[in-house]
Amino acid sequence: MSPRSQMQANALGAQAILPAETPPSALLDKVGAMLGLLRDSGPETVLQRRFVRASAAFAGLLEAAGSDGPLPVQAINDSVEAINRAADDGNLDTWLDMVWQHDDATYQHCLLVSGLVAAFARKLGFGESDRQLMTTAAVLHDVGKARIPLDILRKPGRLTPAERAVICQHPQIGHDMLVAQGGFAPAVLAAVLSHHEMLDGSGYPHGIGADRIPDPVRMITICDIYAALIERRSYKAPMSPEEAFATLIGMGDKLDRDLLRAFGNVVLNSSVARLGKMMARPAASAAAEDAA
Ligand SMILES: [Fe+2]
Ligand SMILES: [Fe+2]
């Protein structure tokens, strides 16, 4: 903060100058404000701050996961806290509005699934520690994708069977990463490994059935598929919340009916439906199969 440093910064076109020891949270708030994510004040600003922090935590998480480094446990916990407090405020719609502004599909998906799971767990009356576990599992559910080649992960258009087989390794890869690092709860490991398993045994990677799929995993699976259906992807139009929910219902014995009914109360009785109507396009019939 010396006058000379500030002069040099201004000469470079600085929009803001902060002391070197500025805490990361204050730095993120500043960057968020400069990007226009944070407005002056008001009830939504707190949520937006949480969103910026969760996004930053995801950036650290995915970078570490892709580069063989240890996963940043503190950043994961921070994002879980931010997402659960956002769910406390009951403002899923604002959360989703911010998710849609994010330009990276992987972040968007993780932030979306995490927001949905946090809202779902809260709706079901889970206690704080179970909500933390559920949201941690949601934050980490696709962490194995960080090790999938980007040309496959981001391929526009349908995948070949060989490419699909590579993508289908992500639950096992993610699970093995967490086991190798250690310190993750069994419920989190189960969700990362089994979030693509179906109750009728038709899922992957192990084709296990209802007797081996616990409720928290079933909840994450529902949120994961729903998220994939309402997301915008280069190869498919997003479904409206009503269409996406109807698609989940149409999956019959693959998903838990009781949990699905409860999930309907989370996503259909709010202005999420309004948002969905704004985005509604004809639904692709194979979209459920593509749910990532
Ligand atoms: Fe996945
Ligand atoms: Fe996913």
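As the structure is a computational prediction, the values presented were derived from the model and not from experiment.

Here's the deal with the overall build of the protein chain
Scanning the protein chain for helices and strands turns up 16 helices and zero strands. Expressed as a percentage of the 292 residues in the protein chain, the buried residues total 48%. For the protein chain, contacts bridging at least 24 residues in sequence account for 67% of all contacts bridging at least 6. Of the roughly 13,700 Å² that the protein chain leaves accessible, carbon and sulfur atoms contribute 55%.

So, helix 11 (residues 186-194)
All of the buried residues along helix 11 are Val188, Leu189, Ala191, Val192, Leu193 and Ser194. Tucked into the core, helix 11 has its buried residues touching helix 7 (128-140), helix 10 (170-181) and helix 12 (215-230).

Description of the packing of aromatic side chains
By the definition in use, this model includes three aromatic pairs. On the basis of an interplanar angle of 80 degrees and a centroid distance of 5.1 Å, the ring pair of Phe51 and Trp95 is categorised as edge-to-face. Of this pair, Phe51 sits in helix 3 (residues 43-66) while Trp95 sits in helix 5 (residues 92-101), and the two are 44 residues apart along the sequence. Residue Phe51 shares its accessibility class with Trp95, and that shared class is buried. Look at Tyr226 and Phe263: their rings are 5.1 Å apart centre to centre, the planes differ by 80 degrees, and that puts the pair in the edge-to-face class. Separated by 37 residues along the polypeptide, Tyr226 in helix 12 and Phe263 in helix 14 (residues 257-267) bring together distant segments of the chain. Note on accessibility: Tyr226 and Phe263 belong to one class, buried.

Regarding the packing of helix 6 (residues 105-123) against helix 14
At a minimum axis separation of 10 Å, helix 6 and helix 14 run at an interaxial angle of 110 degrees. In terms of orientation, helix 6 lies roughly perpendicular with respect to helix 14. Residues Leu116, Ala119, Phe120 and Lys123 of helix 6 form the contact with helix 14, whose participating residues are Leu259, Ala262, Phe263, Asn265, Val266 and Val267. Looking at the contact of helix 6 with helix 14, its residues break down into eight nonpolar, one polar and one charged.

Considering the packing of helix 4 (residues 73-88) against helix 6
Their axes nearest at 9 Å, the elements helix 4 and helix 6 cross at an angle of 55 degrees. As summarised for this structure, helix 4 and helix 6 are arranged oblique, according to the angle between their axes. For the pair helix 4 and helix 6, the sense of crossing is right-handed. Residues Ile83, Asn84, Ala87 and Asp88 of helix 4 touch helix 6, and the partners they reach there are Ser114, Gly115, Ala118, Ala119 and Arg122. Residue classes in the contact of helix 4 with helix 6 are distributed as four nonpolar, three polar and two charged.

Re the coordination of the iron ion (ligand 1)
Looking at the iron ion (ligand 1), one finds its protein donor set to be Asp142 (OD), His170 (NE2), His195 (NE2) and His196 (NE2), positioned 2.1 to 2.2 Å from the metal centre. Taken together, the four donor atoms surrounding the iron ion (ligand 1) define angles of 86 to 177 degrees at the centre, an arrangement classified as irregular. Counting the intervening residues between successive donors of the iron ion (ligand 1) yields the motif D-x27-H-x24-H-H. Between the two metals, the iron ion (ligand 1) and the iron ion (ligand 2), the spacing is 3.6 Å, and Asp142 donates to both.

Description of the nonpolar core
Ranked by size, the top nonpolar core spans 71 residues in total, and within it Leu71, Trp95, Leu116, Leu140, Leu248 and Phe263 carry the most contacts. Ranked by residues supplied to this core, first place goes to helix 6 with 11 residues.

Regarding the pattern of salt bridges
The tally for this structure, following the rule as stated, stands at 14 salt bridges. For the salt bridge of Asp88 with Arg122, the shortest nitrogen-to-oxygen distance reads 3.7 Å. Linking Asp88 in helix 4 with Arg122 in helix 6, this pair joins segments that are 34 residues apart in sequence. Residue class for Asp88 comes out partly exposed when judged on its relative accessible area of 28%.

A closer look at a nonpolar patch on the surface
On the surface, Leu18, Leu27, Val31 and Leu35 cluster together into a nonpolar patch covering about 340 Å² of accessible area. Leu18 gets classed as partly exposed once you look at its relative accessible area, which sits at 32%.

Structural notes on the confidence of the model for the protein chain
Parts of the model with low pLDDT should not have their predicted coordinates read in detail. For the protein chain, per-residue confidence averages 85 on the pLDDT scale, and residues scoring 70 or more make up 88% of the total. Low pLDDT, under 50, characterises residues 271-290; the stretch is placed with 42 contacts to residues that sit more than four places away or in other chains.

A word on the side chain of His195
You can see His195 is positioned in the loop between helix 11 and helix 12. Overall, His195 belongs to the buried group, its relative accessible area being 1%. Within polar-contact distance, the side chain of His195 engages the side chain of Asp142 at 3.0 Å. Here His195 is in contact with His141, Asp142, His170, Pro171, Val217, Ile220, Thr221 and Asp224, once residues within four sequence places are set aside.

Cut-offs applied
Residues numbered from 1 in each chain as written. Chains lettered and ligands numbered in written order. Predicted model: local features only at pLDDT ≥ 70, side-chain atom pairs only at ≥ 80, totals over all residues. Heavy atoms only, no water. Helix = DSSP H or I, 4+ residues; strand = E, 2+ residues; numbered from the N terminus. Buried < 20%, exposed > 50% of the residue type's maximum accessible area, 1.4 Å probe, protein only. Contact = heavy atoms within 4.5 Å. Areas by Shrake-Rupley, 256 points an atom, 1.4 Å probe, with all protein chains shown as cover. Phe/Tyr/Trp six-rings, centres within 6.5 Å; stacked < 30°, edge-to-face > 60°. Axes fitted to C-alpha atoms, helices over the stretch in contact; angles between N-to-C directions. Parallel < 35°, antiparallel > 145°, perpendicular 65-115°, else oblique. Nonpolar A, V, L, I, M, F, W, Y, C, P; charged D, E, K, R; others polar. Left-handed = near helix turned anticlockwise from the far one by under 90°. Donors = N, O, S within 2.8 Å, 3.2 Å for Na, K, Ca; no water. Tetrahedral: all angles 85-135°; square planar, octahedral: opposite > 155°, others 65-115°. Core = buried A, V, L, I, M, F, W, Y, C linked by side-chain atoms within 4.5 Å. Salt bridge = Lys/Arg side-chain N within 4 Å of Asp/Glu carboxyl O. Patch = residues over 30% accessible without salt bridge, like charges linked within 9 Å, V, L, I, M, F, W, Y side chains within 5 Å. pLDDT = per-residue confidence, 0-100. Polar contact = N/O pair within 3.5 Å; in protein donor to acceptor, adjacent residues only side chain to side chain.

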